[in-house]
Amino acid sequence: MTTRVLSVASECVPLVKTGGLADVAGALPAALAAEEVEMRTLVPGYPVVRAALGKEPEVLSERVDLFGGPARVLKGKLGKQALYVLDAPHLYDRPGNIYLGPDGQDWPDNPVRFAALSRAAAQIGAEGIDGWTPQVIQLHDWQAALTPVYLHDMGAADRVGTVTTIHNIAFQGLAPATMLSQLGLPSWGFNPQGFEFYGKISALKAGIVYSDAISTVSPTYANELMTMEFGMGLDGVLRQRRKDLTGILNGIDEDAWTPPYKTARGKAKHRAALRERMGLPDSDGPLAVVISRLTQQKGLDLLLDALPGFLEMGGQLALLGSGDKALSDAYLRAAERNPGVAVEIGYDESLARALVTGGDVILVPSRFEPCGLTQMYGLRFGTLPVVALTGGLADTVIPASAAGLAAGVATGFQFHPVTAQALSDTLAQVVDLFRQPAIWAKMQRNAMAHPVGWSASAGAYGALFRSLVKQP
Ligand code: ADP
């Protein structure tokens, strides 16, 4: 029997993306079709999403007032599945980044904007839409995580199963307590056992406390979240819900990310093209690439420290990223000073692809990494991942340790602790193994054969959703 699941996400590929959450929300509906899960998706009607619906989309429901303005649910398509778009111009009809205003800061009314998304999701759970009622609602991150509170308030929590999926616990959706009534939240939940977090409202905590289950995007991150080091203040609540917390690894879209070569030998011409595109000189050392948000999380400050040694050993770096100004400035300076470093600041899908295709190794030195996608692109393209031993990076890469090499199973490099010194040591190993073509080619074959698609994880999600269906 088919299980009906509503996925609620603040971003979704191919419509709108700022990070990995969008990739997951976009990929799951198709991946789950084989699991007899019918997943439909609810997203906010940002201008790009509205534009994708065409001129006169079907209107499924209308209300006069949703947190200060009129709102409608419009119907579209996400691949073969239905897409529901929450059209509320007073909340979503704004230019630029979906979360940030022109000043680069969060929109001050973000708590309201995403409470509205959660409220609309709860209403669909309680009343159905389009002749369809979900049995389970999957809530992606804090932006959707108030849904179970509204469901409780609507008296529908015992009919609809809920799972909050944490893509990154660093984003918790905090709002001042004074917004309680503006967000339509019940006072019964505003206490330490509920969604209160040190005097504020925490949307993510609401999801953790009131959902039937919690999932996150890798088994290692699930364990890390329950520790003080990684739980960002929510480790205690997560420990209390230990038996309902699971880690399911993300996959990548294998059709969208297919290398233009059968074996990594085919890389040569793409490497040469990449060097030319980035203005890097020819070299017989390894070309390392980075595609990343430039933030403290991603550990790219460590790479700045490790870089001189790597360059001295004959390595090169091509980096694409955007984010912190101090980091981007530091990389631009490094590029000015070193002919072996090329840096592009911005967001560029085509360059991201060229980097994965042409690079020899892809660096992901994150301090924490819930799952991470770029190391999986690297595996599939024979661009060996060099990763910190944390989160999903630990779950996807088999390191070139003595044991990994002896058994002939290594697919990349892992370093620990997450320090510049450990990264430097690992980069020295990269240069060393790169000069041993037989070992390198074997690692590339292993990497390219490593499963990185959705099939295993779709099975795990299917089982999770079925377990959450509530009997009438
Ligand atoms: P996160 O979601 O924490 O940013 P992930 O590795 O899970 O990290 O996902 C990042 C996604 O965004 C990947 O698909 C990556 O290719 C893409 N990406 C990140 N930065 C850029 C950029 N500057 N240009 C193009 N794509 C980028």
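Note that this is a predicted model, so its numbers are computed, not measured.

Conventions adopted
- One numbering rule holds for all chains: residues counted from 1, following each sequence as written.
- For this predicted model, a pLDDT threshold of at least 70 governs which residues receive local features, and a threshold of 80 or more governs which side-chain atom pairs are given and counted, while totals over whole chains, interfaces and linings are taken from all residues.
- With hydrogens and water set aside, each side-chain value is computed from the structure's full complement of heavy atoms.
- Domain extents, as shown, originate in an automatic or database domain assignment.
- Contact criterion: two residues are considered in contact whenever any of their non-hydrogen atoms come within 4.5 Å of each other.
- Throughout, the accessible surface (probe 1.4 Å) given up by two parts as they are put together, summed over both, is called the buried area.
- Here, a salt bridge means any side-chain nitrogen of Lys or Arg that lies within 4 Å of a carboxyl oxygen of Asp or Glu.
- Helix and strand labels come from DSSP, where a helix needs a run of H or I of at least four residues and a strand needs a run of E of at least two; each type is numbered from the N terminus.
- Each residue gets one label: Ala, Val, Leu, Ile, Met, Phe, Trp, Tyr, Cys and Pro are nonpolar, Asp, Glu, Lys and Arg are charged, and the others, such as Gly, are polar.
- Residues are classed as near a molecule or strand on a simple rule: at least one heavy atom within 4 Å of it.
- Any pair of N or O atoms that falls within 3.5 Å is considered a polar contact. Within protein, one atom must be able to donate a hydrogen and the other to accept it, and sequence-neighbouring residues count only if both atoms are side-chain atoms.
- Residue burial considers only the protein chains on display, and all accessible areas are found by Shrake-Rupley using a 1.4 Å probe.
- Expected helix span is computed as 1.5 Å times (number of residues minus one).
- Three exposure classes are used, based on accessible area relative to the maximum for each residue type with a 1.4 Å probe and protein chains only: buried under 20%, partly exposed in between, and exposed over 50%.
- Directions drawn from the helix axis to the C-beta atoms are what define this arc.
- Strands are labelled as partners when DSSP assigns at least two bridges between them.
- Helix axes are fitted only over the stretch in contact, all axes being lines through C-alpha atoms; the angle between N-to-C directions runs from 0 to 180 degrees.
- Any two rings among Phe, Tyr and Trp, with Trp reduced to its six-membered ring, count as a pair given centres within 6.5 Å; such a pair is stacked if its planes are under 30 degrees apart, edge-to-face if over 60, and tilted if neither.
- For a ring to carry a charge above it, either NZ of a lysine or CZ of an arginine must fall within 6 Å of the ring centroid while also lying within 35 degrees of the normal to the ring plane.

## Observations regarding the domain arrangement of the protein
- Splitting the protein by domain gives domain 1 (3-251 + 455-467) and domain 2 (264-449).
- Each of domain 1 and domain 2 was reduced to a C-alpha centroid, and the two centroids are 33 Å apart.
- Domain 1 puts 19 residues into the contact, and the matching count from domain 2 is 17 residues.
- Buried area between domain 1 and domain 2, summed over both chains or domains, comes out near 1,200 Å², and the portion from carbon and sulfur atoms is 61%.
- Area buried by domain 1 at its contact with domain 2 is led by Lys-17, Thr-220 and Leu-249, which between them contribute 27% of it.
- Across the contact surface, domain 1 and domain 2 share zero salt bridges.
- Listing elements by their share of the side of domain 1 that touches domain 2, those giving two or more residues are α1 (20-33) and α8 (219-225).
- Here the side of domain 1 that touches domain 2 is composed, by residue class, of eight nonpolar, eight polar and three charged.

## Points about the site of the ligand
- Around the ligand, the structure places 18 residues, and the nearest of them are Gly-20, Arg-293, Lys-298, Gly-346 and Tyr-377.
- Contact between the ligand and Lys-17: an oxygen atom at 2.9 Å from a side-chain N or O atom of the residue.
- Expressed as a share of its isolated accessible area of 560 Å², the protein-covered part of the ligand is 92%.
- If one sorts the elements of the shell around the ligand by residue count, strand β13 (residues 287-294) sits on top with three residues.
- Partitioning the shell around the ligand into residue classes produces six nonpolar, seven polar and five charged.

## Observations regarding helix α13 (residues 325-337)
- The end-to-end C-alpha separation of α13 is 18 Å, in line with the 18 Å expected for 13 residues at 1.5 Å each.
- When α13 is considered as a whole, its buried residues turn out to be Leu-327, Ser-328, Ala-330, Tyr-331 and Ala-334. Looking straight down α13, one finds that the buried residues subtend no more than 160° of arc, so they occupy a single side. Turned more than 90 degrees away from the buried face of α13 sit Lys-325, Ala-326, Glu-336 and Arg-337, all of them exposed.
- Contact partners of the buried residues in α13: β13, α12 (300-312), β14 (316-323) and β15 (341-345).

## Details of helix α20 (residues 455-468)
- Its 14 residues give α20 an end-to-end C-alpha distance of 20 Å, which sits within 8% of 20 Å, the value for a rise of 1.5 Å per residue.
- Those residues of α20 lying buried are Ser-457, Ala-458, Tyr-461, Gly-462, Leu-464, Phe-465 and Leu-468. Viewed end-on, α20 has its buried residues packed into an arc of 165°, placing them on one side of the element. In this structure, α20 carries Ser-455, Ala-456 and Ser-467 as exposed residues pointing more than 90 degrees from its buried face.

## Describing the pattern of salt bridges
- Here the structure, examined in full by the defined rule, presents 17 salt bridges.
- Here Arg-72 and Asp-87 are joined by a salt bridge, their closest N and O atoms 3.1 Å apart. Placement of Arg-72 in strand β4 (residues 71-78) and of Asp-87 in strand β5 (residues 81-87) is noted, with a sequence separation of 15 residues between them.
- A residue is classified by how much of its surface remains accessible, and Arg-72, at 27% relative accessible area, is partly exposed.
- For the salt bridge of Glu-369 with Lys-298, the shortest nitrogen-to-oxygen distance reads 2.8 Å. Within this pair, whereas Glu-369 is found in the loop between β16 (361-364) and α15 (374-381), its partner Lys-298 is found in the loop between β13 and α12, the two being separated by 71 residues in sequence.
- On the basis of relative accessibility, which here comes to 4%, the residue Glu-369 falls in the buried class.
- Sharing partners across several salt bridges, the network here consists of Glu-38, Arg-40, Lys-75 and Asp-130.

## Considering the sheet that holds strand β12 (residues 245-247)
- The mixed open sheet is built from nine strands, whose spatial order is β3-β4-β5-β2-β1-β6-β7-β11-β12. Two strands in the sheet have a free side with no partner beyond their single neighbour: β3 (58-63) and β12. Here the average twist between neighbouring strands, direction ignored, is 25°.
- As paired elements, strand β6 (residues 136-140) and strand β7 (residues 161-166) share five bridges and run parallel to each other. Note that in β7 the partner of Val-136 across the bridge is Gly-161.
- Strands in contact with helix α7 (residues 203-210) are β7 and β11 (213-216); relative to β7, the strand with the most contacts, it is inclined by about 135°.
- The sheet strands contacting α20 are β1 (3-8), β2 (37-44), β6, β7, β11 and β12, and the helix crosses β7 at an angle near 145°.

## A closer look at the packing of aromatic side chains
- The final tally for this structure, using the stated rule, is 13 aromatic pairs.
- Each ring, one from Trp-454 and one from Tyr-461, has its centre 6.5 Å from the other, and the planes form 45°; the classification is tilted. Accessibility classification places Trp-454 together with Tyr-461 in one group, the buried group.
- Ring plane angle 25° and centroid distance 5.8 Å describe the contact between Tyr-461 and Phe-465, whose orientation is recorded as stacked. Here Tyr-461 pairs with Phe-465, and both are found in helix α20, just four residues apart, close to one helical turn.
- Given a relative accessible area of 0%, Tyr-461 falls into the buried group.
- The buried category is assigned to Phe-465, whose relative accessible area is 0%.
- Put simply, the rings of Tyr-99, Phe-114 and Trp-142 touch in pairs and so form one group of aromatic residues.
- Directly above the aromatic system of Trp-107 lies the positively charged group of Arg-94, at a separation of 4.8 Å from the ring centroid.

## Structural notes on the sheet that holds strand β17 (residues 384-388)
- As summarised here, the arrangement of the six strands in space is β15-β14-β13-β16-β17-β18, forming an open sheet in which the pairing is parallel. Taken across any chain shown, the strands that pair with only one partner, and hence form the sheet edges, are β15 and β18 (413-415). Going across the sheet, the axis of each strand differs from the next one's by a mean of 15°, ignoring polarity.
- Strand direction decides the pairing type here: β14 and β15, joined by five bridges, are parallel. What sits directly across from Leu-320, in β15, is Glu-344.
- α15 contacts β13, β16 and β17 of the sheet and is inclined by roughly 165° relative to β16.
- In the packing of helix α18 (residues 420-434) onto the sheet, contacts are made with β16, β17 and β18, and the angle to β18 comes to roughly 160°.

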